[in-house]
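A structural walkthrough
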Amino acid sequence: MTEWSDPDAMDLSDGETFDALLDRADTREKGHFFEFFSEGDELAHDPGLRLSHHGSEQWMGQTLNHDPAYWRADTAAERGFEKRPVHPDYLLACVMGVTVEDLSEKGGYFLGRDDVEFHRPATAGTPLSVTSTVVDTRTSSSRPKYGIVTWETAGRNRETGETLVSYRRTNMIPRREPAATDGGAVGEQDEGGPTLPDTLLTPDGERFEDFQAALDRADAENAAVAYRHERGRTMDDQLVAGLPLATLNTARQHHNRDEMADSPSGDIVAYGDVTRSIALAHARSDEATYREQRFADERFHDFVTLGDTLYGFTRVLDCDPEAGPERAGAVTFEHVAFNQDQTPVYSGRRTALIQRDT
Ligand SMILES: CC(C)(COP(=O)(O)OP(=O)(O)OC[C@H]1O[C@@H](n2cnc3c(N)ncnc32)[C@H](O)[C@@H]1OP(=O)(O)O)[C@@H](O)C(=O)NCCC(=O)NCCSC(=O)C[C@H](O)C(=O)O
């Protein structure tokens with residue numbers, strides 16, 4: 001009989017014995033199933049992430065975000081930043097990344113985010129303190145193995161307590177026990193939809209006045225201001241697994257192919273924040289961004305997997321010359337990321353300050 005106190009007791013060369021051992025062993029779990037969350041619960045996330053220029057630059061380089069204000073101190077100063085900040089997409093991805101262990105590590109998918117507000121620029125060296133409150137939980141009527149949870153999250157500077165960014169986010173979260181539902185239809189499409197405008201206009205340039213003029217023209221011509229961006233980015237291992245791991249995002253969706261083989265996506269998928277950052281980078285490459293302000297109604301429509309290529313489409317919704325400093329006006333866009341088959345994978349409304357001509 002095997003003496004289990006003997007350090008040499010496990011014979012790993014005997015596959016059958018090791019299989020039997022694994023079958024009998026309990027798994028020490030990470031993350032939480034849907035049943036764990038109740039409305040009003042507050043969670044403090046503390047994996048200890050500190051924002052860094054290295055992380056921000058790695059994020060920006062990989063996602064094609066080339067705004068010089070986040071790369072160079074002189075441009076940052078010209079643009080009114082006290083110190084060169086880290087990129088807002090990186091900040092947002094880090095704040096969400098450190099929540100994953102407590103909120104969504106078990107799997108399930110990031111469905112959408114709303115009310116994303118950047119309260120102040122964040123600089124390298126800032127240690128994060130991130131908290132979330134459960135604001136809604138509900139059963140999914142179409143997917144009995146999952147529930148749907150919404151949290152409000154705030155990312156603060158741990159040293160000063162100042163809020164850097166806040167948002168509300170919704171995920172599908174696996175249930176420990178599948179729910180009894182009517183099994184409602186999955187993925188049904190609404191047949192109707194608005195008719196398209198006759199003409200889609202493209203702004204002549206990248207400044208606030210160009211967006212304003214295009215919108216004025218569209219009003220007069222019963223057209224819309226909407227255009228594609230030329231760049232594409234194919235999803236490789238660094239984007240799908242590397243960037244989320246660098247934000248301490250432990251969601252198995254991005255780095256555990258073995259687990260994900262038996263999931264709705266059938267494979268690892270890109271972190272939603274990477275997908276959106278690439279689409280936004282395509283859009284930003286065709287505008288003179290001054291500052292990011294807020295995002296609303298962000299939705300993740302379909303999976304992005306290794307080898308997919310992401311492109312961007314932008315519709316201009318509104319220009320507000322009164323918002324912002326003298327040098328910039330606010331433009332509200334709707335951005336869509338789509339793949340090589342023209343399938344939309346992300347959409348969101350974004351308000352950014354865009355530099356004026358002078
Ligand atoms: C996940 C999907 C395959 C689901 O598709 P489908 O089954 O066709 O259903 P729906 O998309 O209509 O949605 C399912 C239910 O969820 C509700 N829903 C959807 N969006 C929202 C939202 N923004 N807010 C609230 N509720 C929402 C619907 O009403 C449905 O409810 P019910 O009818 O009661 O069932 C498909 O959506 C898909 O493929 N999406 C892409 C997902 C994705 O790739 N996300 C990014 C990668 S995962 C990630 O980043 C994880 C991250 O690291 C983390 O940890 O969060």
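As the structure is a prediction and not an experimental result, all values here were calculated from the model. (Residues numbered from 1 in each chain as written. Predicted model: local features only at pLDDT ≥ 70, side-chain atom pairs only at ≥ 80, totals over all residues. Heavy atoms only, no water.)

Remarks on the overall build of the protein chain
Across its full length, the protein chain carries 10 helices and 11 strands. By its C-alpha atoms, the protein chain is 85 × 50 × 40 Å across when sized along the principal axes. Residue burial in the protein chain is summarised as follows: out of 358 residues, 47% are buried. In the protein chain, the share of contacts with a sequence separation of at least 24, taken over all contacts with a separation of at least 6, comes to 74%. Total accessible area computed for the protein chain in this model is approximately 18000 Å², and 44% of it derives from carbon and sulfur atoms. Measuring between centres, the 37 positive side-chain charges of the protein chain sit 4 Å from its 66 negative side-chain charges. (Helix = DSSP H or I, 4+ residues; strand = E, 2+ residues; numbered from the N terminus. Buried < 20%, exposed > 50% of the residue type's maximum accessible area, 1.4 Å probe, protein only. Contact = heavy atoms within 4.5 Å. Areas by Shrake-Rupley, 256 points an atom, 1.4 Å probe, with all protein chains shown as cover. Lys, Arg positive; Asp, Glu negative; His and termini not counted. Charge placed at Lys NZ, Arg CZ, Asp CG, Glu CD.)

Points about unusual backbone geometry
Positive phi, close to 55°, is recorded for Asp 115, a residue that is not glycine. Structurally, Asp 115 can be placed in strand 2 (residues 110-118). Backbone geometry at Leu 248 places phi at a positive 65°, although glycine is not the residue there. Within the element layout of this structure, Leu 248 appears in the loop between helix 7 (237-246) and helix 8 (252-255).

Here we look at the site of the ligand
As a matter of local geometry, the ligand sits amid 32 residues, with Ser 104, Ser 140, Ser 142, Arg 143 and His 254 nearest to it. The separation between an oxygen atom of the ligand and a polar side-chain atom of Ser 140 is 2.5 Å. Considered on its own, the ligand offers 1100 Å² of accessible surface; in the complex 81% of this is hidden by protein. Per-element accounting of the shell around the ligand gives the leading share, 4 residues, to strand 5 (residues 163-174). A class-by-class count of the residues in the shell around the ligand yields 14 nonpolar, 13 polar and 5 charged. Both domains that furnish three or more residues to the shell around the ligand are identified here as domain 1 (30-179) and domain 2 (197-235 + 270-358). (Near = heavy atom within 4 Å. Polar contact = N/O pair within 3.5 Å; in protein donor to acceptor, adjacent residues only side chain to side chain. Nonpolar A, V, L, I, M, F, W, Y, C, P; charged D, E, K, R; others polar. Domains from an automatic or database assignment.)

Overview of the side chain of Thr 247
With respect to the secondary-structure elements, Thr 247 resides in the loop between helix 7 and helix 8. Beyond its immediate stretch of four places on either side in the chain, Thr 247 contacts Leu 49, Trp 59, Ala 93, Cys 94, Gly 97, Val 98 and Tyr 271.

Brief notes about the side chain of Arg 113
Within the element layout of this structure, Arg 113 appears in strand 2. You can call Arg 113 buried: its relative accessible area is 2%. Side-chain polar atoms of Arg 113 contact the side chain of Asp 273, separated by 2.7 Å. Residue contacts for Arg 113: discarding those within four places in its chain leaves Leu 92, Met 96, Tyr 167, Arg 168, Arg 169, Asp 273, Arg 276, Ala 296, Asp 297 and Glu 298.

Let's talk about the sheet that holds strand 1 (residues 42-45)
An order of 1-3-4-5-2-8-11-10-9-7-6 is seen for the 11 strands of this open sheet, with the pairing classed as mixed. Sheet topology places strand 1 and strand 6 (200-201) at the edges, where each strand pairs with a single neighbour. Note that strand 9 (residues 309-320) and strand 10 (residues 328-338) share 9 bridges and pair antiparallel. If you follow Arg 315 over to strand 10, its bridge partner there is Glu 334. Strands in contact with helix 6 (residues 208-221) are strand 6, strand 7 (224-234), strand 9, strand 10 and strand 11 (344-355); relative to strand 9, the strand with the most contacts, it is inclined by about 80°. (Pairing = 2+ DSSP bridges. Axes fitted to C-alpha atoms, helices over the stretch in contact; angles between N-to-C directions.)

Considerations on the pairing of strand 11
One face of the sheet, then the other: side chains in a regular strand alternate in exactly this way. Most of strand 11 sits out of view: 10 of its 12 residues are buried. Across 11 bridges, the pairing between strand 10 and strand 11 is antiparallel. Each residue of the ladder has a partner; that of Phe 333, found in strand 11, is Arg 350. Count of turn residues in the strand 10/strand 11 antiparallel hairpin: 5 residues, of which Gln 342 carries a positive phi of about 65°.

Digging into the domain arrangement of the protein chain
Partitioning the protein chain into structural domains gives domain 1 (30-179) and domain 2 (197-235 + 270-358). Computed over C-alpha atoms, the centres of domain 1 and domain 2 are 22 Å apart. With 28 residues of domain 1 at the contact, the number on the domain 2 side is 27 residues. Taken together, both faces of the contact between domain 1 and domain 2 bury some 2300 Å²; the carbon and sulfur share is 47%. The largest per-residue losses of area from domain 1 upon contact with domain 2 belong to Leu 64, Arg 79 and Arg 113, which jointly make up 25% of the total buried on that side. In this structure, the connection of domain 1 to domain 2 is made through 19 residue pairs in polar contact (both at pLDDT 80 or more). (Buried area = accessible area lost by both parts, 1.4 Å probe.)

Some remarks on the environment of Thr 199
Among the secondary structure elements, Thr 199 is positioned in the loop between strand 5 and strand 6. When the C-alpha atoms of Thr 199 and Ala 223 are compared, they prove to be 4.8 Å apart, with 24 residues separating the residues in sequence. If sequence neighbours within four positions are ignored, Thr 199 has contacts with Ala 223 and Ala 224.

Section: the environment of Glu 117
Here Glu 117 shows up in strand 2. Judged by relative accessible area, which is 31%, Glu 117 ranks as partly exposed. Distance in space between the C-alpha atoms of Glu 117 and Arg 294 is 4.7 Å, their sequence separation being 177 residues. Dropping the residues within four chain positions of it, Glu 117 is found in contact with Leu 164, Val 165, Ser 166, Gln 293 and Arg 294.

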